[in-house]
Amino acid sequence: MTDIKVNSLWALLGFPIGLVSLLFYLYSRWRKEEVRDKVVLITGASSGLGEACAEVFYDSGCKLILTGRQVTKLMDLKDRLLKKKKPGCHNPAIISIDLENLPSIPGKVNQAIAAFGQVDILINNAGMSYRGEAIQTKIDVDMKLMNVNFFGHAEITKAIVPHMIQKNGGHIVTISSIQGRIAIPFRSAYAASKHALQAYFDSLRAELHQHNINVCVVSPHYINTNLSLNAITGDGSPYGKMDQTTANGLKPEFVAKQILDCVVHRTSELTIAPLFVRMAIGLRALAPWIYFRLMESRAEKERKNK
């Protein structure tokens, strides 16, 4: 009965809240910020969405700091960007960063800052995916996902934020996932790491507002990258498959342009997903018992398909 009363209250509040949201959206579209010559640090820039972000921000005249573990791929990306010979564009810097090696991150960030003297925009993009049943997953795998997807980005952010505070401004864009908003079966470690990102950067957004630092959490639906191919399973072995949902996913270039738009308009949160996914997020909040039943049905269906 209590849940019914609460849902009825939300229904009554829906219109005024929606109206305020619309007005704020119109205001945010009017407000714009120039990104040319801004210094942008991108984690996981060697492929996928990170690579697409490098292309989009480079074309906008930004100074890039490309980071990742695969330096050869980063060099290839740098060469490809320089071949564009765009007027007013800058020579990208490359820094090797392993998000699992947490103690090394502050020193790596200092190297990154030394490249251009500052970091104006941080894009926490690097990540790892996972497939498996929660109770059959080794704790080492859970910890690996949390280190790469959450703790590594928290450590990079902690190292960069003091420099942003000194110059009274900056942008932090963190790439989460729809699974940071709603959890689905056989993705427990991945969903947990993305939920941690969502909560951490929601808290950080409020704390950094006084310093003119904008924090945006981006939650995209499936993106057509190698994320599922590079995923790990419950025992730590490679998943090595291209899921159909990933193959049919959003184009990285499209998502990268949306991320640039978030920076330009100082957006606080962005969900890039079809209507039915947005409805699922709402369902989880307003009628969780229905959402739970749907996920139970999904889990049973996936078990049968295996």
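Above this text sits the structure in question.
Presented here is an overview of the structure given in this document. (Residues numbered from 1 in each chain as written. Predicted model: local features only at pLDDT ≥ 70, side-chain atom pairs only at ≥ 80, totals over all residues. Heavy atoms only, no water.)

## Examining the sheet that holds strand β7 (residues 213–220)
Read across the open sheet, the seven strands follow the order β3-β2-β1-β4-β6-β7-β9; overall the sheet is parallel. Both outer strands of the open sheet, β3 (93–96) and β9 (269–272), are each paired with one neighbouring strand and no more. Put simply, the sheet's adjacent strands are angled 15° from each other on average, direction ignored. Here four bridges tie strand β2 (residues 63–68) to β3, and the two strands are oriented parallel to one another. Each bridged residue has a counterpart across the sheet, and for G68 the counterpart in β3 is S96. With respect to the sheet, helix α4 (residues 105–116) is in contact with β1 (39–42), β2 and β3, its orientation differing from that of β3 by roughly 175°. Lying on the sheet, helix α6 (residues 188–208) is in contact with β4 (121–124), β6 (170–175), β7 and β9; it crosses β7 at an angle near 160°. (Pairing = 2+ DSSP bridges. Helix = DSSP H or I, 4+ residues; strand = E, 2+ residues; numbered from the N terminus. Axes fitted to C-alpha atoms, helices over the stretch in contact; angles between N-to-C directions. Contact = heavy atoms within 4.5 Å.)

## Observations concerning helix α2 (residues 48–59)
The terminal C-alpha atoms of α2 lie 17 Å apart, and with 12 residues this matches the ideal 16 Å at 1.5 Å per residue to within 8%. Counting buried positions along α2 yields nine of 12 residues, so the element is predominantly enclosed. Among all positions in α2, only L49, G50, A52, C53, A54, E55, V56, F57 and Y58 are buried. Residues of α2 that are buried in the fold lie against β1, β2, α3 (71–82), β4, β6 and α8 (252–264). Just beyond α2, the residue with positive phi is G61, at close to 85°. (Expected span 1.5 Å × (residues − 1). Buried < 20%, exposed > 50% of the residue type's maximum accessible area, 1.4 Å probe, protein only.)

## Focus: the state of the cysteines
For the coordinates displayed, the defined rule picks out zero disulfides. Of all cysteine sulfurs, the one in C216 lies closest to C262, which takes part in no disulfide; the gap is 3.8 Å. (Disulfide = S-S within 2.5 Å.)

## Topic: the environment of I184
Among the structural elements, I184 can be located in the loop between β6 and α6. Given the relative accessible area of 12%, I184 is considered buried. Residues I184 and R298, 114 residues apart in the sequence, show an inter-C-alpha distance of 8.3 Å. Not counting chain neighbours up to four residues away, the residues in contact with I184 comprise Q179, Y222, Y291, M295 and R298.

## A look at the side chain of S193
Relative to the helices and strands, S193 resides in helix α6. Relative accessible area serves as the criterion here: at 0%, S193 is assigned to the buried category. Other than its neighbours up to four places away in sequence, S193 contacts L145, M146, N149 and F150.

## Things to note about the pairing of β6
For a regular strand, the rule is simple: side chains alternate between the two faces of the sheet. Burial runs high along β6: six of the six residues are buried. Side chains of β6 alternate between two faces, with G170, I172 and T174 and H171, V173 and I175 buried alike. Relative to β6, β4 is paired through four bridges, and the arrangement is parallel. Its bridge partner being in β6, I121 is matched across the sheet by H171. Following the chain from β6 across α6 to the adjacent parallel β7, one finds a crossover that is right-handed. (Right-handed = clockwise from strand over helix to strand, strands pointing away.)

## Things to note about the packing of aromatic side chains
Applying the stated rule across the entire model yields four aromatic pairs. Their ring planes at 70° and their centres at 5.1 Å tell us that Y200 and F201 sit as a pair that is edge-to-face. By relative accessible area, which is 22% here, Y200 ends up partly exposed. By relative accessible area, F201 is classed as buried at 0%. Residues Y291 and F292 carry aromatic rings whose centres are separated by 6.4 Å and whose planes lie at 65° to one another, so their mutual orientation is edge-to-face. Taken together, the ring pairs connect F150, F151, Y200 and F201 into an aromatic cluster. The ring of Y239 is capped by R131, whose NZ or CZ atom sits 5.3 Å from the centre of that ring. (Phe/Tyr/Trp six-rings, centres within 6.5 Å; stacked < 30°, edge-to-face > 60°. Lys NZ or Arg CZ within 6 Å of the ring centre and 35° of its normal.)

## Looking at the nonpolar core
Ranked by size, the top nonpolar core spans 34 residues in total, and within it F57, L64, V218 and I259 carry the most contacts. Residues in contact with V218, not counting those within four places in the same chain, are V173, T174, I175, S176, S177, I259, C262, L270 and I272. One finds L41, L99, A154 and L208 within the second-largest nonpolar core, a separate group that totals 31 residues. (Core = buried A, V, L, I, M, F, W, Y, C linked by side-chain atoms within 4.5 Å.)

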